[in-house]
Amino acid sequence: MESESSREEIRPIDQALHDLCQPLTTLQCRLELARMLDTPEDYREAVDVSLAECARLMEAASTLREIIAKLESE
């Protein structure tokens, strides 16, 4: 059975993984939609949205690094 402290340690990791999955899903959907619609405007919009989602991914990866560093220092 998990202790309360181990659940508390896992919670931020679970949230960070969720934060990674959301922009990945958005990236996939936008790029697939642009491919289906196949117009220059759709491609530009997909690129713009994808760049913003990449920034979100970098933030989530940074959060995971911070969590790991904290756990390693304990």
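Residues numbered from 1 in each chain as written. Predicted model: local features only at pLDDT ≥ 70, side-chain atom pairs only at ≥ 80, totals over all residues. Heavy atoms only, no water.

Observations regarding helix α1 (residues 4–37)
Here α1 spans 49 Å end to end across 34 residues, near enough to the 50 Å set by a 1.5 Å rise per residue. Those residues of α1 lying buried are Ala16, Leu20, Pro23, Leu27 and Ala34. Against α2 (40–73) lie the buried residues of α1. Asp38 lies just past α1 and shows a positive phi near 60°. (Helix = DSSP H or I, 4+ residues; strand = E, 2+ residues; numbered from the N terminus. Expected span 1.5 Å × (residues − 1). Buried < 20%, exposed > 50% of the residue type's maximum accessible area, 1.4 Å probe, protein only. Contact = heavy atoms within 4.5 Å.)

Digging into the side chain of Asp42
By secondary structure assignment, the location of Asp42 is in helix α2. Put simply, Asp42 is tucked away with no salt bridge, and the nearest opposite charge, on Arg30, sits 7.4 Å away. Apart from residues lying up to four places away in sequence, Asp42 is in contact with Ala34 and Leu37. (Lys, Arg positive; Asp, Glu negative; His and termini not counted. Salt bridge = Lys/Arg side-chain N within 4 Å of Asp/Glu carboxyl O.)

Some remarks on the pattern of salt bridges
Under the criterion given, the structure shown has three salt bridges. Note that Glu41 is salt-bridged to Arg44, the shortest N-O span being 3.8 Å. Within this pair, Glu41 and its partner Arg44 are both found in helix α2, separated by three residues, close to a single helical turn. Under the relative-accessibility criterion, Glu41 is labelled exposed at 52%. The partner of Arg56 in a salt bridge is Glu53, with the nearest N and O atoms 3.0 Å apart. One end of the pair is Arg56 and the other is Glu53, both in helix α2 and three residues apart, which spans about a single turn. Since its relative accessible area comes to 33%, Arg56 is described here as partly exposed. The exposure class of Glu53 is buried, given its relative accessible area of 10%.

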